[in-house]
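Descriptive structure summary
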Amino acid sequence: MIPVLAAVLTTVAVAAGAYAWQQIRTVRRALTRERAARRLTEAAQHRDMQAFRRRIDAAIAEQRVLAAADRIVDDELARTIRHNPKEGDTP
C-alpha cells in the first residue's frame, strides 16, 4: 500500500510541477509580448513626435519668412509713398 501511495503522490507532484511550469511559461510569454508592444508603442510615439516637430519647425520657418517679407513690403510702401506721392494720396 505504501509503494502505491508513494507512486500516487509522486505522480501528483510531477503533474503539479508540470502545471506550474506551464503557467510560468505562459506568464513569461505574456510579459515578452507586453514588452514588445511597449517598445513598438514608444518607437511609434518617438517617430510621430519627430514628424510633428518637423512640421512645426517648417511652419515656424514659413511664418518667419512671411513676416520678413511683410516688413520689407511695408518698408518699401512707406518709402514709396513718402518719395512719390500720387494725386489723392495723403502724406
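Report follows, based on the coordinates. (Residues numbered from 1 in each chain as written. Predicted model: local features only at pLDDT ≥ 70, side-chain atom pairs only at ≥ 80, totals over all residues. Heavy atoms only, no water.)

Notes on the overall build of the protein
A tally of regular secondary structure across the protein gives one helix and zero strands. In terms of its C-alpha atoms, the protein occupies a principal-axis envelope of roughly 125 × 15 × 10 Å. The 91 residues of the protein split such that 0% are buried. Surface exposure of the protein reaches about 8,500 Å², of which carbon and sulfur atoms provide 63%. When the 16 positive and 11 negative side-chain charges of the protein are each reduced to one mean point, those points stand 23 Å apart. (Helix = DSSP H or I, 4+ residues; strand = E, 2+ residues; numbered from the N terminus. Buried < 20%, exposed > 50% of the residue type's maximum accessible area, 1.4 Å probe, protein only. Areas by Shrake-Rupley, 256 points an atom, 1.4 Å probe, with all protein chains shown as cover. Lys, Arg positive; Asp, Glu negative; His and termini not counted. Charge placed at Lys NZ, Arg CZ, Asp CG, Glu CD.)

Quick notes on the pattern of salt bridges
Within this structure, the stated rule accounts for three salt bridges. In this structure, the salt-bridge partner of Arg38 is Glu42, at a minimum N-O distance of 3.7 Å. With Arg38 and Glu42 both in helix 1 (residues 2-83), this residue pair falls four residues apart, about one helical turn. The class for Arg38 is partly exposed, based on a relative accessible area of 44%. (Salt bridge = Lys/Arg side-chain N within 4 Å of Asp/Glu carboxyl O.)

A few points about a nonpolar patch on the surface
A surface patch of nonpolar side chains, amounting to about 320 Å² of accessible area, comprises Met49, Phe52, Ile56 and Ile60. Relative to the helices and strands, Ile56 resides in helix 1. Looking at Ile56, the relative accessible area reads 35%, which means it is partly exposed. (Patch = residues over 30% accessible without salt bridge, like charges linked within 9 Å, V, L, I, M, F, W, Y side chains within 5 Å.)

A word on the environment of Ile81
For Ile81, the position within the fold is in helix 1. For the pair Ile81 and Arg25, spaced 56 residues apart in sequence, the C-alpha to C-alpha distance is 83 Å.

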